[in-house]
Amino acid sequence: MSEQILMPISAANSDNAKKAQYSLEKARQAHERYLIRQQNSDLQEAIEHYVDAVKLDPTIPESYYRLASLMWEQGQISLNTAIEQCKTACSLAPSNMNAHMYTGFFMKLAQDYKSAEEEFKSAIKMSKLKSARPRLILAQSILQKINAKDGKAADYAGFLYYFLTGSMMLAWDKPALKMFYKNLADDISVFKFNTIGKFFEKFRMLPAAENLYKKAVSETEHDEIFYNRMGDIALKNKEYEIAIDSYKKVLDANPLNRDVWAKLATVLQTFFPDMKDETIDCYEKLLELDDNKAPIYYELGHLYMAKDDRINSISAFKLACDLEPENPFYNNSLAFAYSKAELYEDAIQHYQKAIDLNPDKEWTSIVCQALGALYAEVNGNVEAAVATYQAGLILDPNNYDLYLALGDIHMAEYDLDKAIRAYCDAITLNPADYRGYSKAGIALWEKDYLEEALVAYHKAVELNPENEFARNNLGILYLDGLMDAEEALEYFEEAIELNPSYTLAYFNAARASEKMGFTNDAAHYYQMAIDLNKITNDLDEDDIRTRLHKLFEL
C-alpha cells in the first residue's frame, strides 16, 4: 500500500471554514462595490464568491440570503426559489435578524404580505432596541400593501406605528437612515398619487384619474403600479386595446406580476378570440408563477380546443384532471376533447365521472345529454342513450333540449308515439320555442296526423318567420297531404327567399309548379336544384334530371 499523508477531518473542516470566510469577505466587498457602482462585473464576482462560500461551508446563513438577493436581481432564480434560500438561512440561524428580513422582503415581492409581516415581526423581536430597520421596512411593506390593494384602517394604523417607532430607534442605526428615507420618500410619493387617483376613481372621475396616473409614471417611475391602474380604467371604459397595452407595460416593468398576467390573459381570451396564441403564452407564463396550476391547464385546454388542436387540448385537460381528479368540470371538458378526437370510450368514462360527481343538477343534466348522444350516435346503444336522457330529465325536468334529444332518438327508431310524446313535453315546457313544433310536425306527419302536423308547422313559422326549413316542410304538407299545389308553392318560394341556396326548396317548388302546369317555372326550379345539388349533394341528381326531361315529353 502506498504511503499517504492524511489530514485529520477536524483540520480539513477548519481549513474549509477559513476558505469559506475568505470567500464570504470577498463576496461582501464585491457586493458593496456593486451597490455603489452598479456594474455587472461586480455583481457576477459577488455571486461567484457567495457560491464558493456555500460550497465550502453550507452552515453560514449569510451566504444564502445574500446570494438569493443577487441571483434574483439578475433573474437567475424565481421568487419562490429566493424565498426557499432565505428560509434555509433561517433554519440554520433562527435568531439571525437579517435572514428573517430578507425572507420577509421576498415574500413582500411575492405579494404575500401576511407572511412577510410575520418575518419582519420576528426580526423586530430578535433585535429589540436595534430594530429600526425591520420596523421601517415593515412600515414600508404595509404602505406598499395599501398601494397595491385597498388598505383597511388597521393597515394605516400599523404603518404609522412601525414608521414612528422605527424612526425613533434610528439613532442606533444611522448608516441605514439615508437609504431608508430615500426609499420612503419614493413610497410616500406613490401613496400620494395612488390615494388621489383612487378618490377620482371612486367618484367616477376616470379621465382625471388616468391623467394623474400618467403623471405618476413620469415622476415616480413606478410603471408597475400606475400602468396597472390605467389598464383597469381602460377596461372599465371598454377600451380593451388600451387595457392590453397598459398591462403589457406593467409586465415590462415586472415580468413576475402574476395578477397582471391573469388580467391580460382574461382580456385577450374574452375580447380578442383571434389572438389565441398570445393568450396561450400568457397562461403558460402563469404556469411558471402560480402554484394553483389546474385552472390554468383548464383554460389552456379550451384555447387549444378553439384552435382545433386536439392533442394539446386533451393534454391540458388531462393535466388539470390529474391535479384535481374529483373536479366534474375538468372531467367534462376532458370528455368533450376525447370525443372530438374520436376517442369515444375515454370520453364516455369521463362523462360518467362528471355525472357521478354531480355538482349541480342542471349542469349535470346537460352532461347527460352529451353522454346520451355518444351512446346513440357512436355506440348505437339506444337503450343506454334513452336511460341517460331520462336520468338527465330526473335531474332537471326543465331541460327543454333533453326532451328534444329524447324525441329525436325515438324518431330515429321510428317509435312515433314516444317521439310525439317527448316533443309535446318540450312544447308544454316552453311553448315559445319553435323547435318543438317543427320536430312534432315531422312526427305527426309520419303518423298521418295531417291536421295536427299543419297546426304544428304553422305555429313553428309563426314563432320563427325566418326559418326556411319550417316553411319548406309546411309546403310539403300542402302539396303532398292536401294536394294544394298553389298554397304549397307560396311556402316553397318563401323558403327560397330566406335561403337562396336551399336545394330541396327549389326541387319542391318545381314539383308544385309542375302540378299547376307551369312548365317553364318547373324547368327553371329543377335546373336550379341540379346546379345547387352539385355543391350540397342533398338529392339524387338522376331523379331531378328525369323529372326535368319529362316536362318536355310529348
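Read on for a plain summary of the structure. None of these values were measured; they are calculated from a predicted model. (Residues numbered from 1 in each chain as written. Predicted model: local features only at pLDDT ≥ 70, side-chain atom pairs only at ≥ 80, totals over all residues. Heavy atoms only, no water.)

1. A short note on the nonpolar core
- In terms of nonpolar packing, the biggest core is built from 124 residues, with Leu264, Leu300 and Leu474 touching the most fellow members.
- When residues no more than four places from it in sequence are discounted, the contact partners of Leu300 are Ile280, Tyr283, Glu284, Leu287 and Ala316.
- Formed by 40 residues, the second largest nonpolar core is a distinct cluster that contains Ala30, Ile47, Ala68 and Leu143. (Core = buried A, V, L, I, M, F, W, Y, C linked by side-chain atoms within 4.5 Å. Buried < 20%, exposed > 50% of the residue type's maximum accessible area, 1.4 Å probe, protein only. Contact = heavy atoms within 4.5 Å.)

2. Notes on the packing of helix H3 (residues 61-73) against helix H5 (residues 97-109)
- Contact pair H3 / H5: the axes reach a minimum separation of 10 Å and the direction vectors enclose 25°. The orientation of H3 with respect to H5, classified from their angle, is roughly parallel. Of the two possible hands of crossing, H3 and H5 adopt the one that is left-handed. Touching Tyr65, Arg66, Ala68, Ser69 and Trp72 of H3 are Asn98, Ala99, Tyr102, Phe106 and Leu109, all from H5.
- In terms of residue class, the contact of H3 with H5 is built from seven nonpolar, two polar and one charged. (Axes fitted to C-alpha atoms, helices over the stretch in contact; angles between N-to-C directions. Helix = DSSP H or I, 4+ residues; strand = E, 2+ residues; numbered from the N terminus. Parallel < 35°, antiparallel > 145°, perpendicular 65-115°, else oblique. Left-handed = near helix turned anticlockwise from the far one by under 90°. Nonpolar A, V, L, I, M, F, W, Y, C, P; charged D, E, K, R; others polar.)

3. Looking at a negative patch on the surface
- Taken together, the side chains of Asp484, Glu486, Glu490, Glu493 and Asp521 define an acidic patch exposed on the protein surface.
- Within the secondary structure, Glu486 is located in helix H26 (residues 485-498).
- Classification of Glu486 by relative accessible area gives exposed; the value is 53%. (Patch = residues over 30% accessible without salt bridge, like charges linked within 9 Å, V, L, I, M, F, W, Y side chains within 5 Å. Areas by Shrake-Rupley, 256 points an atom, 1.4 Å probe, with all protein chains shown as cover. Salt bridge = Lys/Arg side-chain N within 4 Å of Asp/Glu carboxyl O. Lys, Arg positive; Asp, Glu negative; His and termini not counted. Charge placed at Lys NZ, Arg CZ, Asp CG, Glu CD.)

4. Some remarks on the environment of Gly392
- Residue position: Gly392 is located in helix H20 (residues 382-395).
- The class of Gly392 is buried, set by a relative accessible area of 0%.
- For the pair Gly392 and Val54, spaced 338 residues apart in the sequence, the C-alpha separation amounts to 63 Å.
- Apart from residues lying up to four places away in sequence, Gly392 is in contact with Ser365, Cys368 and Leu402.

5. Considering the side chain of Thr279
- Along the polypeptide, Thr279 turns up in helix H14 (residues 276-289).
- Note on Thr279: relative accessible area 1%, which makes it buried.

6. Looking at the pattern of salt bridges
- As enumerated under the stated definition, the model contains 27 salt bridges in all.
- A salt bridge links Asp322 to Lys318, with the shortest nitrogen-to-oxygen separation between them at 3.9 Å. Taken as a pair, Asp322 and Lys318 lie in helix H16 (residues 310-323) at a separation of four residues, close to a single helical turn.
- Since its relative accessible area comes to 38%, Lys318 is described here as partly exposed.
- Residues Arg545 and Glu541 are paired through a salt bridge, measuring 3.0 Å at the closest nitrogen-oxygen approach. Taken together, the positions of Arg545 and Glu541, both in helix H29 (residues 541-550) and four residues apart, correspond to about one turn of that helix.
- The exposure class of Arg545 is partly exposed, given its relative accessible area of 29%.
- Put simply, Glu25, Arg28, Glu62 and Arg66 are held in one network by salt bridges that share partners.

7. Considerations on a nonpolar patch on the surface
- On the surface, Phe199, Phe203 and Met205 cluster together into a nonpolar patch covering about 310 Å² of accessible area.
- Within the secondary structure layout, Phe199 lies in helix H9 (residues 175-202).
- The class for Phe199 is partly exposed, based on a relative accessible area of 47%.

8. So, helix H12 (residues 240-253)
- The end-to-end C-alpha separation of H12 is 20 Å, in line with the 20 Å expected for 14 residues at 1.5 Å each.
- Along H12, the residues that are buried comprise Tyr240, Ala243, Ile244, Ser246, Tyr247, Val250 and Leu251. Along the axis of H12, the buried positions cluster into a sector of 165°, meaning they face one direction only. In this structure, H12 carries Glu241 and Asp252 as exposed residues pointing more than 90 degrees from its buried face.
- Looking at the buried residues of H12, the elements they touch are helix H11 (223-236) and helix H13 (258-271). (Expected span 1.5 Å × (residues − 1). Arc of directions from axis to C-beta.)

9. Comments concerning the environment of Glu541
- Classification of Glu541 as partly exposed rests on a relative accessible area of 23%.
- Placed 11 residues apart in sequence, Glu541 and Ile530 show a C-alpha to C-alpha distance of 6.3 Å.
- Excluding residues within four positions of it along the chain, Glu541 makes contact with Ile530, Asn533 and Lys534.

10. Details of the side chain of Asn508
- Summarising the element assignment, Asn508 is placed in helix H27 (residues 503-515).
- A residue is classified by how much of its surface remains accessible, and Asn508, at 3% relative accessible area, is buried.
- Only 3.0 Å separates the side chain of Asn508 from the side chain of Asn472, close enough to count as a polar contact.
- Within the structure, the side chain of Asn508 is placed 3.2 Å from the side chain of Arg511, a separation counted as a polar contact.
- Other than its neighbours up to four places away in sequence, Asn508 contacts Asn472, Ile476, Leu479 and Phe492. (Polar contact = N/O pair within 3.5 Å; in protein donor to acceptor, adjacent residues only side chain to side chain.)

11. Regarding the packing of aromatic side chains
- Following the criterion strictly, the structure yields 18 aromatic pairs and no others.
- Consider the rings of Phe193 and Phe226, whose centres lie 6.2 Å apart with planes at 80°: the pair is edge-to-face. With a gap of 33 residues between them, Phe193 in helix H9 and Phe226 in helix H11 connect regions that are remote in the sequence.
- What makes Phe193 buried here is its relative accessible area of 3%.
- The interplanar angle of 45° and the centroid separation of 6.3 Å between the aromatic rings of Tyr506 and Tyr525 together place this pair among those described as tilted. With Tyr506 in helix H27 and Tyr525 in helix H28 (residues 519-536), the pair connects residues that are 19 residues apart, well separated along the chain. Accessibility classification places Tyr506 together with Tyr525 in one group, the buried group. (Phe/Tyr/Trp six-rings, centres within 6.5 Å; stacked < 30°, edge-to-face > 60°.)

12. Quick word on helix H17 (residues 328-340)
- The end-to-end C-alpha separation of H17 is 18 Å, in line with the 18 Å expected for 13 residues at 1.5 Å each.
- Regarding H17, the residues found buried are Pro328, Tyr330, Asn331, Asn332, Ser333, Leu334, Ala335, Ala337, Tyr338 and Ser339.
- The secondary structure elements touched by the buried residues of H17 are helix H15 (294-306), H16, helix H18 (344-357) and helix H19 (361-377).
- Near the N-terminus of H17, the side chain that reaches the backbone nitrogen of Phe329, with its oxygen 2.9 Å away, is that of Asn327.
- Positive phi shows up at Glu342, right after H17, with a value of about 65°.

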